[in-house]
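# Per-entry structural report
Here is how the chains run, residue by residue.
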Protein chains: 2
Amino acid sequence: MIDNLRSKLVLSEADLHDFARGAAFLGTGGGGDPYLGRLLCQAALQEYGHPQIVGLDQLPDDAMVAFVAMLGAPTVLLEKGVSGLDVDLALQRLQERLGRPVDALMSAEIGGLNSTLPIVAAARAGLPLVDADGMGRAFPELQMVVMNFEGVSSTPFVMVDEHLNSIIVDTHSAVRTEQFVRLAAMQMGLSCVVAGYPLTVDRARTATIPNTMTEALRLGRAIAAGRSSGRPSEALIEALSSSSVYGYALEVFEGKIADLRRTTEGGFNVGYATLESSRGSSRTLEIIFQNENLVARENGELRAIVPDLITVVDQENAEPIPTESLRYGQRVKVIAAAAPAPLTTPRALEFIHPRCFGLDEEYIPLEELARRAQASRDSTE
Amino acid sequence: MIDNLRSKLVLSEADLHDFARGAAFLGTGGGGDPYLGRLLCQAALQEYGHPQIVGLDQLPDDAMVAFVAMLGAPTVLLEKGVSGLDVDLALQRLQERLGRPVDALMSAEIGGLNSTLPIVAAARAGLPLVDADGMGRAFPELQMVVMNFEGVSSTPFVMVDEHLNSIIVDTHSAVRTEQFVRLAAMQMGLSCVVAGYPLTVDRARTATIPNTMTEALRLGRAIAAGRSSGRPSEALIEALSSSSVYGYALEVFEGKIADLRRTTEGGFNVGYATLESSRGSSRTLEIIFQNENLVARENGELRAIVPDLITVVDQENAEPIPTESLRYGQRVKVIAAAAPAPLTTPRALEFIHPRCFGLDEEYIPLEELARRAQASRDSTE
């Protein structure tokens, strides 16, 4: 147990709304419903008090950190939730397997439900929560985290289902872990609590994306503040553009959802949405998703692609809309943001290149795509 | 470590041949090729020496016993074998998870490969091996052991693959364990080493089938001795009939294999064999198997059914023939033996009733079926 920590964030109830909203944006359509996460979180904070949220610089080098998350299909996760006992057991099993205590928790992904679940876990366990995560967004698979890109082992990796059945996986590769875990998650009804990627703080300093809890709160607050001034999506884009983690963002499209197809395949929500421009033109935007939004193409032209962030938000209030909440006829904006730098290294792209998601395109950074689109518009005007 | 044990069996090289042959009979067509098991065993005994094979009465009440086995499809197990390191790691993971040493090993099933693998494991670990198993034969699924019928937890349950990936499962039901493990075994290429059902010796005394290693050796020796006198299958039937574990056996059929269909489904070798009588009549026998032989029907009439034992042996030398070695045109006998008493209790039949294997028939004990067949013959003569 690490004493005398000073929490860099204390999430008030208003903050929790903002935090969940910011995390929903960073979930890029996936990561589960942030509102459910917020409710779970509020209940845990009331019962167990606020966990300390700390920077990696506040922890000793040899302190042990691990992530806690929910894993499965967002649609199922939404219905089932967590009991809390599953979270406790996941942590207990991990510590038993490690033969040492875990000193602090972190988020696997700052997107959606998995940004708030670690708050619940930290509150219940009385452990500090690190202001960092493994993606700076949400991704569908376990090998898609900076820890893996930097060579940290994904295992021991623990899974617990609602009946408190548990599985501990040890492998030599995160891809193998993903295969075992995804299959077991199907057996667990596509809803389970997981804990994994245990690593020491000194490794975590270069193998996570720091300050993403702070970022989520900041983005959520920007949207809220923007609503007062009637410019919520612009405020969001400004906050993203001035972020040390993201640094660049733009509105890709504005329109209404004209076609929508969602199915559950291999334990994922997959499908696409087609948007028609609300500006009277014949422009359409197609978004393809696998839990998260993967690519946005306007009349066939690439506008944004994974690992950059693509999120659909409400046209009026810029509320981020998870994939499973998209509806025919919804009026929306599509906001894209540059991926955090650790997601675009050659080693990272081995695991999160567009082809890893079954897409044919190369990864072209958002800013470059915007430049090309502008040049194309300039040449036709 | 339990000291001063006196081994009740010391398996010489000749004994190993007999033991493997007896275990192949008890494998009722499944459990993997006994010859591969014997080779692994010989190598381990040469390198590590003979483990002590002891009765449960020789061990203290609170000593911890667990089984070690291979799990997967016999056809794949045959090709891949075990490295030994996988066996060691399975035991290590189990002990870590239990937080205490395992004091003795046992066989999950006395049939085929899984009768000899525990000898390898015990030799490598320097642990005594208990003269008992969980089935007194072979069965395809993890809930089909006396430990489960008697309420012993199947978990912690450990799996290790050839790459030394490992999985530890904890559940509240053996059926759930089977589901998790079978799915993971498919991911592991249908070949892995497992350890599970840890239990204390006082529980093991009523929750295993004792003396089955001794029985396997006895049956194998009977076949060998019978060959000298030209009556090997008769000698086998006599040895089974005088056994305190089985107590009744008969020759069900003699003929040649006229039709054979084998496929791998859901991780099992499934299929059927049809035999034509070699006595010139139009009688045929159909055998259906799922790894193990499940039912034998003569011209549609039930002759033997699971949990009773049904094994195909060579017509000349009574060598047991595993399912995967059946060939068109082979001349064989079909020998059936009564299941050990713990397999026919109401609680046991919840898990190993014919319907658990997809069969429509009720369980009718072999001896009763033989009586009916005799009565029918008497009435038509």
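Look up: the structure comes first, before these words.
Below or above, wherever it landed, is the structure these notes cover. (Residues numbered from 1 in each chain as written. Chains lettered and ligands numbered in written order. Predicted model: local features only at pLDDT ≥ 70, side-chain atom pairs only at ≥ 80, totals over all residues. Heavy atoms only, no water.)

### Looking at the overall build of chain A
A tally of regular secondary structure across chain A gives 12 helices and 15 strands. For a compact globule of 381 residues, the expected C-alpha radius of gyration is about 21 Å, and chain A comes in at 20 Å, within 12% of that figure. In terms of its C-alpha atoms, chain A occupies a principal-axis envelope of roughly 65 × 40 × 35 Å. Within chain A, the fraction of its 381 residues that count as buried is 63%. Taking the contacts inside chain A whose residues are at least 6 apart along the sequence as the reference set, 73% of them involve residues at least 24 apart. Each charge sign in chain A was given a centre, from 33 positive and 49 negative side chains, and these centres are 2 Å apart. (Helix = DSSP H or I, 4+ residues; strand = E, 2+ residues; numbered from the N terminus. Rg over C-alpha atoms; globule rule 2.2 N^0.38 Å. Buried < 20%, exposed > 50% of the residue type's maximum accessible area, 1.4 Å probe, protein only. Contact = heavy atoms within 4.5 Å. Lys, Arg positive; Asp, Glu negative; His and termini not counted. Charge placed at Lys NZ, Arg CZ, Asp CG, Glu CD.)

### As for the interface of chain B and chain A
Taken together, the contact pairs 21 residues of chain B with 21 residues of chain A. Across the chain B/chain A interface, buried area totals approximately 1900 Å², and carbon plus sulfur atoms make up 49% of it. Looking at the side of chain B facing chain A, the largest losses of area belong to Asn165(B), Phe180(B) and Gln187(B), adding up to 29% of the total buried there. Asp170(A) is the salt-bridge partner of Arg93(B), the closest N and O atoms lying 3.8 Å from each other. In this structure, the connection of chain B to chain A is made through 11 residue pairs in polar contact (both at pLDDT 80 or more). When contributions to the side of chain B that touches chain A are tallied by element, the ones reaching two or more residues are helix 4 (85-98), strand 6 (166-170) and helix 7 (174-187) of chain B. (Buried area = accessible area lost by both parts, 1.4 Å probe. Salt bridge = Lys/Arg side-chain N within 4 Å of Asp/Glu carboxyl O. Polar contact = N/O pair within 3.5 Å; in protein donor to acceptor, adjacent residues only side chain to side chain.)

### Some thoughts on unusual backbone geometry
All names here are of chain A. Here the bond from Thr155 into Pro156 is cis, since omega is 0°, no more than 30 degrees from zero. Relative to the elements of secondary structure, Pro156 occurs in the loop between helix 6 (146-149) and strand 5 (157-160). Cis geometry marks the peptide bond from Val306 to Pro307; its omega dihedral reads 10°. Assignment of secondary structure puts Pro307 in the loop between strand 13 (301-305) and strand 14 (309-314). Positive phi, close to 70°, is recorded for Asn211, a residue that is not glycine. Its identity as a non-glycine residue notwithstanding, Ala318 has a phi of 60°, on the positive side. Mapping Ala318 onto the fold places it in the loop between strand 14 and strand 15 (331-337). Among the residues examined, Ala318 registers a relative accessible area of 0% and is labelled buried.

### Quick look at the nonpolar core
A general tendency of soluble globular proteins is for nonpolar side chains to be buried together. Counting residues in hydrophobic clusters, the biggest one holds 230 residues, and the most contacted among them are Phe67(A), Met159(A), Ile352(A), Phe67(B), Met159(B) and Ile352(B). In this structure, Ile352(A) is in contact with Phe139(A), Met144(A), Phe149(A), Val306(A), Pro307(A), Leu343(A) and Phe357(A), ignoring residues within four places of it in sequence. Grouped together as the second largest cluster of nonpolar side chains are 22 residues, Ala296(A), Ile321(A), Ala336(A) and Ala370(A) included. (Core = buried A, V, L, I, M, F, W, Y, C linked by side-chain atoms within 4.5 Å.)

### Observations concerning the sheet that holds strand 12 (residues 292-298) of chain B
Within a beta sheet, neighbouring strands are joined by backbone hydrogen bonds and run either parallel or antiparallel to one another. All names here are of chain B. With antiparallel pairing, the 7 strands of this open sheet are ordered in space as 13-12-11-10-9-15-14. Of all the strands in the sheet, the pair left with one neighbour each is strand 13 (301-305) and strand 14 (309-314). Within the sheet, the average angular offset between the axes of one strand and its neighbour, ignoring direction, is 35°. The sheet contact formed by strand 9 (residues 249-265) and strand 15 (residues 331-337) spans 7 bridges and is antiparallel. In the strand pairing of strand 15, Phe253 is matched with Val334. Relative to the sheet, helix 12 (residues 366-380) contacts strand 9, strand 13 and strand 15, its axis offset from that of strand 13 by approximately 155°. (Pairing = 2+ DSSP bridges. Axes fitted to C-alpha atoms, helices over the stretch in contact; angles between N-to-C directions.)

### Some points on the pattern of salt bridges
Residue and element names in this part refer to chain A. Scanning the model with the defined rule gives 46 salt bridges over all chains in all. Of the charged contacts, one joins Lys333 and Glu251 as a salt bridge, the two residues approaching to 3.6 Å between their closest N and O atoms. Highlighted residues: Lys333 in strand 15 and Glu251 in strand 9 (residues 249-265), separated in sequence by 82 residues. Where Glu286 meets Arg297, a salt bridge forms, and the shortest distance between an N and an O atom there is 3.3 Å. One end of the pair, Glu286, is in strand 11 (residues 284-290); the other, Arg297, is in strand 12 (residues 292-298), and 11 residues separate them in sequence. Exposure remark for Arg297: the relative accessible area of 16% places this residue in the buried category. Each member of the salt-bridge network shares a partner with another, and the members are Asp18, Arg21, Arg227 and Glu319.

### Structural notes on the relation of the copies chain B and chain A
The operation relating chain B to chain A is a screw motion whose rotation component is 180°, with 0.0 Å of axial translation and a residual RMSD of 0.0 Å. The superposition operator between the copies reduces to a two-fold rotation axis. Within chain B, the C-alpha atom positioned nearest to the axis of rotation is that of Ile168(B), 2.4 Å from it. (Least-squares fit on C-alpha atoms with pLDDT ≥ 70 in both.)

### So, the packing of aromatic side chains
Remark: the centre distance and the inter-plane angle together describe each pair of aromatic rings, the angle taken between the planes. Inspection of the entire model under this criterion finds 8 aromatic pairs over all chains. Here the aromatic rings of Phe149(B) and Phe351(B) are separated by 5.8 Å at their centres, their planes lie at 20°, and the arrangement is stacked. Here Phe149(B), found in helix 6 (residues 146-149), pairs with Phe351(B), found in helix 11 (residues 346-352); they are 202 residues apart in sequence, far enough to count as distant. In this structure, Phe149(B) and Phe351(B) share a single accessibility class: buried. The structure contains a cluster of three or more aromatic residues connected by ring pairs, namely Phe67(A), Phe157(A) and Tyr197(A). Against the face of Phe139(A) rests Arg137(A), its NZ or CZ located 4.1 Å from the ring centre. (Phe/Tyr/Trp six-rings, centres within 6.5 Å; stacked < 30°, edge-to-face > 60°. Lys NZ or Arg CZ within 6 Å of the ring centre and 35° of its normal.)

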